[in-house]
Amino acid sequence: MSSRVITPGPYRATKLWNEVTRLFRAGMPLRKHRQNFRHYSSCFAASAAVEWMHQLLRSNSNFGPDVTRQQTVQLLKKFLKNHVIEDVKGRWGSEDLEDNNVLYRFPSTSPLKSIPCPASGSAPGSIKKRPSFRDKDSFFRFRNLKKQHEDEAEENVDPAPQGGGENHPIGEQQVPRRELTEEDEQEIWRDITLTHLQRILGVASLDEVLDHRRINPQNIIHNMTNVNKHGVVTLDDKTNDLPHWVLSAMKSLANWPKYDSAQPSYPGFERDVFKTVSDYFYSLPQPVLTYELYELFINVLGLLQSHCERVAIEALQLCTLLLPPSSRRKLQLLMRMMSRISQNVDMPRLHPAIGTRTLMIHTFSGCVLGSAVECDLDELLATRLISFLMDHQQSILSVPEYLLSAINDHIQYLRAVQVPIDGVSNVDGGDPVCAPMPMYAFCRQISGAEFEQQKLESSQKAMEELLEMLLTNQKMGEKDRRKKLKQFQKQYPDIYSRRFPPSDGEKMSDKPKIKPPLFNIRKTKAFSIRN
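The protein carries the name DEP domain containing 1a in an unreviewed UniProt entry, which gives Gasterosteus aculeatus aculeatus as its organism.

Next up, the structure:
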């Protein structure tokens, strides 16, 4: 059964639900069963549905291979509750479904959820486009500045050119400059970060997956500038940090068994410590990734494909920068602990029937990602995201240096640019010219084959230019020219043959010449001791 990747966009969780429902109804084998001396046609057993759905979810790129059989049972319970399926007697509405031989069937009504249609931009009450920092005219000009404040305006003029102002050409006269405020800089941090995130996700706008009013630019600044030598966020207010006993428990598990020689050694101690850590994270008032950013992270799941891995890492880098610093710090420490435990061969089994990696993913998925309103696919989607986060936590939770440099360069540019005051015109009487705001263009990722093709084309073009230079250089002697052309022909025969295609006569004479025998070599006289 063919499945399609649900691309980023609004209501992605609902679209995934409808996609799974469509695949289940179209692909689940139906046959005739007998139960309690009665025959039921076009139905299936619960265990068969669990097996078929489990294989579907593991092979589906929207969920991945980390889906367990128990999670599949939970999804089928949601199906029974939402009337995607019903028992053979027509009962539904509860989650009373187990991995057994009870018979179920598909109802005749459509089980798909309706997707809300966003209001058009011209409709009354529609969401307006968030004003960008680039659109703010007040940034480039002072408003309501009257002529009697000339003395205050002169304080904003660069003092260097004041002595020689009469030497400036017309049109280049220095004009008052507006200083960047702290609010301006915060908007720059937010706008550049969200602009890059929008281009990575490939959506026309972030308004439908992100509430811009809840994005605090101070969080972005803190997460990118206040980090320790290990790249972990540091907090100014220690009351928002993890409790000391939780940090101690996490360090004990991450460095097992080398953390503390004085720690208890009774059997099952590591399981008790693990339960202590998991209980703390589930006691938090909301998931680590917060309710506000749930829809954004759900949309990033559409990029978790093998050919989009690098793009997904960059998208998650930016998404995690939007978190409050305390939440980002919790996420960093948790992912590091989970990764180390999963790779530690000396760690005893924390569960008798589940592997360590699987246990890490399914234990903490619910406390990392979740929606304020109950979603039927929360557990499956969280499993997919946590698995990717744990495997790439070092890259995702590091500070993107390219973005930090772009923002700092942009701020430095705006601090140095000359900005005319509102109402002050140029010397020639024309309108004041505002300094343009530089736009940042980000590269598109290409495949390895495209890179090799472009590299070959660029190198061949350079060699062709070198050949033309050898032919047209007037300062080079003919002897040196012929020598260099001969060397070029030997090293780059393809490029040389395209420039000087061989004639038919030259093609016929490609047969190697046979050298004549050497008849003039005299036989040397043998040396003898008698002579």
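Right, let's get into the overall build of the protein. The number of helices and strands found in the protein is 20 helices and four strands. Residues counted as buried form 41% of the 531 residues belonging to the protein. As displayed, the protein offers around 32,000 Å² of accessible surface, 51% of which is attributable to carbon and sulfur atoms.

Moving on, we get to the confidence of the model for the protein. Per-residue confidence for the protein averages 78 on the pLDDT scale, and 73% of its residues sit at or above 70. In this model residues 418-428 is a low-confidence stretch, pLDDT under 50, and it forms 34 contacts with partners more than four residues away in sequence or in other chains. Considering only residues more than four positions removed or in separate chains, one finds that residues 431-438, a stretch of pLDDT under 50, has 22 contacts.

Looking now at the environment of E19. On the secondary structure map, E19 appears in helix α1 (residues 12-27). Look at E19 and you get buried, because its relative accessible area is 2%. Along the primary structure E19 and L112 are separated by 93 residues, whereas in three dimensions their C-alpha atoms are 8.8 Å apart.

Turning our attention to the sheet that holds strand β2 (residues 38-45). Strand order in the open sheet formed by four strands is β1-β2-β4-β3, and the pairing between neighbours is antiparallel. Lying at the two open borders of the sheet, with one neighbouring strand each, are β1 (31-35) and β3 (86-87). One ladder, built from four bridges, connects β1 with β2; its direction is antiparallel. By the bridge assignment for β2, Q35 is matched with R38.

Across all of its chains, the model carries 20 salt bridges by this definition. The shortest N-O distance in the salt bridge between R329 and D241 comes to 2.8 Å. Of the two residues, R329 sits in helix α12 (residues 325-343) while D241 sits in the loop between α7 (217-225) and α8 (244-254), which places them 88 residues apart along the sequence. Grouping residues by exposure puts R329 and D241 together as buried. Here the salt bridges do not stand alone but share partners, grouping D211, R213, R214 and E292 into one network.

Bringing the side chain of T363 into the picture now. Mapped onto the secondary structure, T363 falls in helix α13 (residues 356-368). Among the polar contacts listed, one links the side chain of T363 to the backbone oxygen of L359, at a separation of 2.6 Å.

Moving on to the packing of α13 against helix α14 (residues 378-391). At a minimum axis separation of 9 Å, α13 and α14 run at an interaxial angle of 115 degrees. Seen from above, α13 lies across α14 with right-handed handedness. Across from R357, M360, I361, H362, S365 and V368 in α13, the residues of α14 making contact are A382, T383, I386, S387, M390 and D391. For the contact of α13 with α14, the per-class residue count stands at six nonpolar, four polar and two charged.

If you walk through the whole model with that rule in mind, you get 13 aromatic pairs. Note on F281 and F364: the rings are 6.1 Å apart at their centroids and 85 degrees apart in plane angle, and the pair reads as edge-to-face. Note that F281 is positioned in helix α9 (residues 269-282) and F364 in helix α13, a separation of 83 residues in sequence. Comparing F281 with F364 shows no difference in burial state: the two are buried. Centre to centre, the rings of F488 and Y492 are 5.1 Å apart; their planes meet at 45 degrees, and the pair counts as tilted. For F488, a relative accessible area of 5% corresponds to the buried category. Taken together through their ring pairs, the aromatic side chains of W17, F24, F44, W52, F79 and F106 make up a single cluster.

This part takes up the nonpolar core. Counting 110 residues, the largest nonpolar core has F24, F79, I85, F281, M337 and F364 as its most contacted members. For this core, the element with the highest residue contribution is α14, accounting for eight residues. Excluding residues within four positions of it along the chain, F79 makes contact with W17, V20, T21, F24, M53, V84 and I85. One finds L467, M476, F488 and Y496 within the second-largest nonpolar core, a separate group that totals seven residues.

Cut-off values and rules
Residues numbered from 1 in each chain as written. Predicted model: local features only at pLDDT ≥ 70, side-chain atom pairs only at ≥ 80, totals over all residues. Heavy atoms only, no water. Helix = DSSP H or I, 4+ residues; strand = E, 2+ residues; numbered from the N terminus. Buried < 20%, exposed > 50% of the residue type's maximum accessible area, 1.4 Å probe, protein only. Areas by Shrake-Rupley, 256 points an atom, 1.4 Å probe, with all protein chains shown as cover. pLDDT = per-residue confidence, 0-100. Contact = heavy atoms within 4.5 Å. Pairing = 2+ DSSP bridges. Salt bridge = Lys/Arg side-chain N within 4 Å of Asp/Glu carboxyl O. Polar contact = N/O pair within 3.5 Å; in protein donor to acceptor, adjacent residues only side chain to side chain. Axes fitted to C-alpha atoms, helices over the stretch in contact; angles between N-to-C directions. Left-handed = near helix turned anticlockwise from the far one by under 90°. Nonpolar A, V, L, I, M, F, W, Y, C, P; charged D, E, K, R; others polar. Phe/Tyr/Trp six-rings, centres within 6.5 Å; stacked < 30°, edge-to-face > 60°. Core = buried A, V, L, I, M, F, W, Y, C linked by side-chain atoms within 4.5 Å.

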